[in-house]
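Descriptive analysis of the structure
If you want the building blocks of each chain, they are given just below.
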Amino acid sequence: MKKVTRMKRKGLLILFLFFSMTTLSGCWSKKELTDIAFVIGVGLDKTEDGKYLVSFQVVSPGNVAGAVQQGGGGGYGLPVTVFKVRGDNLVEASRQGARMVSRQLYFAHTNLLVIGEDLAREGLHEIFDALERNSQFRTTTSVIVAHNARAENILTLLTPLDKIPANKVIKTLETAEHVWGENIDVKVGDIIQDLVSSGKEPVISGFKLIGDAENGKRKEHLETTDPDVRLTADGLAVFRDGKLIGWLIGKDARAATTILKKIKSTVINIDWKGKKESIVYKVTREHTKVKAIIKNGRPEISINIDIEGDIGETKVPVDFSDPNEIMKLQKRLEKEFENEIEHSVNKVQELKSDIFGFGEALHRTAPQLWKKKYQNHWNDTWFPELEVNVQVSAFIRRTGLRYNPYFWDKDQGGD
Amino acid sequence: MPLWWKKHEKKMKEIQDKQNRNDQSGMAKCVPDEPLQDKLEDNLQTMKETTGKSSDIVYRFIKAGQNPEVSVAIVYTEGLVDHQTINECLIESLLNNHDWQTQISPQKAFALIERKVVSVGDVKTVNHWGDLFLSLMSGETIILIDGMRKAISLGTKGGDKRSIQEPSTQLSLRGPRDGFTESIRTNTAMVRRRIKNPNLWLDTMKIGKVTQTDVAIMYIKGIANEEIVQEVRKRLNRINIDSILESGYIEQLMEDQTFTPFPTIYHTERPDVVAANLLEGRVAIFVDGTPFVLIAPALFIQFFQAVEDYYARFDIATALRFLRVLIFFISLVAPAVYISATTFHQEMIPTLLVIAIAAQREAVPFPAFVEALIMEVTFEILREAGIRLPRAVGQALSVVGAIVIGQAAIQAGIVSPAMVIIVSITAIASLATPALSIAISARLIRFLLMFLAAGFGFYGVIIGVMIMIIHLCSLRSFGVPYMAPLAPFIPSNSGDTIFRIPTWAFKERPRLISQKNIVRQGKHQRPGPPDKEGIDTNEKGDKNET
């Protein structure tokens, strides 16, 4: 009997302790949704006096489409606001932000990091540590470089369709990567990896601002079917030693993404029957193989590319039911694409920055030699002189819903 | 413990002991356990005194025989007896002229009436007042004869009963439509009709000192574990209480553990469920006056097994079983997960969703936890009111409830639409669980988990769920581990847990419940298309011994 009461008392004590544990610790690290400011995009610029200018694009949840009207009439406001803070470093800037924002800045949903071109040219090395070290910030955040623009201007622009500008940028990147292939959606983690790798340099997609940035801040510019301020994906920024040294635009950019195996689908135009850009070939499947070999003490790179796709359009009469014709077309496509790739490789070799990861390929084939011989002078001496052999094999899988174009009959036999 | 408390406790105990003693002496006075007297008048006098001249007890005098006449009294309780039987089989034959009328004498009257006059099946002789009143109160008819120190008791139980109807709980689309009624005899008959086997044993006793309620244990000899049957009997015999008004009384007095939110005894309104459980080796406990029959031992997984699982094809049954386990978890953790995700782990919610939720919460003045608590409590109030509401007012409640919980609360800015969705999902989930008793435990634990979520986020929820699982594993139902056959894991029985294997694959009964006679069906039960060579499907196999 006595034992039972003692046990009971012990149980009560434990219960009491457990209860006080729950109540005294008091909701550690609890934050209500209404007390945090969702930073959806971060912009980094350099000021004249060498400080950082950090722009935080913060969502105003009540104004994002899809949210219900709250009692008390929230009105129709802007989906985001941008806070700009100066600071010697990123952490300081983000803390200083507290003076301007009524809520705690919350970085777990930051999807976009915009780097101003000025800052990019000065170097990225020091900024990524703060991002990687922060527990909220994700290394899966997409990164873009503002082409000929400041990051703050890109973040302050209001966009149509996607109400949240940062989302618009990310979705543009994704669709552009998917259907056009000139851009890559690069994440913070990828860049850090490329920065530390000696055999590969980072590339980051660029975004260009068309029109006056001041006008883009206001809602009025969206109240037209053709906004005069626009944001478009534009080229790839080439880095060397963490510094921006040049841009790849258009076909060069597409060739670069092809070598990087990031391309999903694209469109190749070829000249046919003397008419320029007359047949359009839609690439639906692509496979790239980059291999390094050492020949006579000199490294060589061979790139094998398999493309497969459909005919999207023709402006000249072609007999697509004729296998020989198809074969000829395929040969032509291969030539066209080989030229494109070679042009891009030459251009990058001029920039002396191995964004393709040829160094890494060489490292894989000859690890010892790489460390001894090539590693230290790769970008300066070896990469620009590199012999690159491009081999493309194209295959036309389908010709769309029909074989011959509707204007084929008229010119039948008139080859 | 402080001293004053001890003193107080001692005092209370003394008072209680005194009361108990008084009670017992009172009982003895009520029903004298003495033999009957000689004279009819004295006996009737005693009966009238004991019953307080209750108006529903009918006394009928008859003079039987011509020379000499014998005074006979018929006593029965109005409403409990079958009038037709009494009129046709007793009074008629007593009054009509038969040859026995001439032979009657006070000495032979008793034997004559018992053997020749009464045309009722169940006839007993009663010697003591205690037995007499018990018979009288359970609807039997008493025949008292002048000069006899004993009485005849006739089984004329009858009166108005509810007819067999479809059960109001545990409905199923496919399967028998009959449900238990309040009459224990009807109920046991319904099970016996399903199991036509002499090994279906029924053991009846009376529990409740005042109510004298009929309680019956039913099991299949040879399949049921003898130890469990003994244990059930022991626990029933131990019960010493004034009244048993529902099987819930017995459930609470015989369960293994009181301080647990989980039921360790199953209850059902369906005779097919009882039959199936008896065949698995369980013991059923019938209580007179309630359609709910207890089944012991009960396992955790049993509360997720709906009857339809066994009547439907196995693939559908398996899918539904999965769904039910999911439902249980939803009803358990949905609000807790919502609270912890929105107040601690915002990074876990997809960006657009978190913004949408934040937008909804923008004008809500309460923290998510308070918001959830308000909605959950509101719903519980609605549910509680809905159960007990007179039908006529039900409509009004549902309209008001829908407005309060749905539209108005959002428009008033008290709760966010997302919260309403969570509460609704939880509410629907908790009603979709096949056994309501486990849904109620989920309901209790849900609030606990909500507190933990508000304090610690997912960490707290996980701790809470872990404690719950540990507790579940520690439970026993009549000595059988509650989580069997999952923990301890019994491979041969695990086919009927979170999935249900085809019926032809149910080779064994639950091992821990029916320990001796485990084999359930013969070999080669798997059906298939006709084979040219002809498979001997009726191979001897080991057939059921029972």
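A brief look at the structure comes next. Residue numbering note: each chain is counted from 1, following its sequence as written. Chain letters and ligand numbers both follow the written order, the letters beginning at A and the numbers at 1. Side-chain atom pairs in this predicted model are given and counted only at pLDDT of 80 or more, local residue features only at pLDDT of at least 70, and totals for whole chains, interfaces and linings cover all residues. Calculated side-chain values reflect all of the structure's heavy atoms, with hydrogen atoms and water omitted.

1. Let's talk about the packing of helix α9 (residues 251-259) of chain A against helix α10 (residues 323-351) of chain A
All names here are of chain A. Selection criterion: Only the contacting stretch of a helix is used when fitting its axis, a line to C-alpha atoms as for every element, and angles between N-to-C directions run 0 to 180 degrees. Secondary structure elements follow DSSP: runs of H or I of four or more residues count as helices, runs of E of two or more count as strands, with numbering from the N terminus. When describing relative orientation, an angle under 35 degrees is termed roughly parallel and one over 145 degrees roughly antiparallel, while 65 to 115 degrees is termed roughly perpendicular and anything else oblique. Residue contacts are defined here by distance: any two heavy atoms, one from each residue, within 4.5 Å place the two residues in contact. For this classification, Asp, Glu, Lys and Arg are treated as charged, while Ala, Val, Leu, Ile, Met, Phe, Trp, Tyr, Cys and Pro are nonpolar and the rest, including Gly, are polar.
Look at α9 against α10: their axes get within 8 Å of each other, and the N-to-C directions meet at 95 degrees. Considered as vectors, α9 and α10 are oriented roughly perpendicular to each other. Residue-level inspection shows Lys251, Asp252, Arg254, Ala255, Ala256, Thr258 and Ile259 of α9 in contact with α10, the latter providing Glu336, Phe337, Glu340, Ile341, His343, Ser344, Val345 and Lys347. For the contact of α9 with α10, the residue count by class is six nonpolar, three polar and six charged.

2. Describing the interface of chain B and chain A
Our working rule: Two parts lose some accessible area (1.4 Å probe) when they are put together, and adding that loss for both gives the buried area. Only one rule defines a salt bridge in this text: a Lys or Arg side-chain nitrogen within 4 Å of an Asp or Glu carboxyl oxygen. Counted as a polar contact is a pair of N or O atoms within 3.5 Å, where, for protein atoms, one must be capable of donating a hydrogen and the other of accepting one, and residues adjacent in sequence contribute only when both atoms are in side chains.
Between chain B and chain A, the residue contacts involve 26 residues of the former and 31 residues of the latter. Ranking the residues of chain B by area buried against chain A places B:Gln346, B:Ile355 and B:Glu362 at the top, with a combined share of 22%. At the boundary of chain B with chain A, the tally comes to two salt bridges. The salt bridge involving B:Glu362 is made with A:Arg103; its shortest N-O contact spans 2.8 Å. Across the contact surface, chain B and chain A share ten residue pairs in polar contact (both at pLDDT 80 or more). Elements with a contribution of two residues or more to the side of chain B that touches chain A: α12 (314-343), α13 (351-361) and α17 (436-456) of chain B. Here the residues of the side of chain B that touches chain A are counted per class, giving 17 nonpolar, six polar and three charged.

3. Examining helix α8 (residues 226-238) of chain B
Residues and elements named next belong to chain B. Rule in force here: A helix is expected to span 1.5 Å multiplied by its residue count minus one. Burial here depends on accessible area, computed with a 1.4 Å probe over protein chains only, as a share of the maximum for the residue type. Under 20% is buried, over 50% is exposed, and the range in between is partly exposed. Regarding the arc, it is the one traced by the directions from the helix axis to the C-beta atoms.
For α8, with 13 residues, the first-to-last C-alpha span of 18 Å sits near the 18 Å given by 1.5 Å per residue. Three or more residues of α8 are buried, namely Ile228, Val229, Val232, Arg233, Arg235 and Leu236. Taken around the axis of α8, the buried residues stretch over an arc of 165 degrees, which confines them to a single face. More than 90 degrees from the buried face of α8, the exposed residues found are Glu227, Lys234, Asn237 and Arg238. The elements touched by buried residues of α8 are β6 (200-207), β7 (213-220), α9 (247-254), β9 (283-287) and β12 (480-481).

4. Side note on empty space enclosed by the protein
Residue and element names in this part refer to chain A. Filter applied, for reference: Any residue with an atom within 4 Å of a point lines the site, the site being either a cavity, points on a 1 Å grid over the protein atoms alone where a 1.4 Å probe fits but cannot get out, or a pocket, an open set with protein on both sides within 12 Å along at least 5 of 7 lines. Grid points are joined across faces, edges and corners, and a volume is the space filled by probe spheres set on the points.
For the structure shown, the criterion picks out one cavity of 30 Å³ or more. Thr258, Ile263, Lys264, Ser265, Thr266, Val283, Glu286, Ile307 and Phe337 are the residues that line the largest cavity. Taken together, the residues that form the lining of the largest cavity break down as four nonpolar, three polar and two charged.

5. As for unusual backbone geometry
Residue B:Ala296 is joined to B:Pro297 through a cis peptide bond whose omega torsion reads -10 degrees. Within the secondary structure layout, B:Pro297 lies in the loop between β10 (293-296) and α11 (308-311). Here the amide bond leading from B:Ala484 into B:Pro485 is cis, since omega sits at 0 degrees, within 30 degrees of zero. With respect to the helices and strands, B:Pro485 occurs in the segment after β12. A positive phi is found at A:Asn148, a non-glycine position, where the angle reads about 55 degrees. Residue A:Asn148 is classed as exposed on the basis of its relative accessible area of 65%. Positive phi is not limited to glycine here, since A:Lys261 has a value of about 60 degrees. Here A:Lys261 is to be found in the loop between α9 and β11 (266-272).

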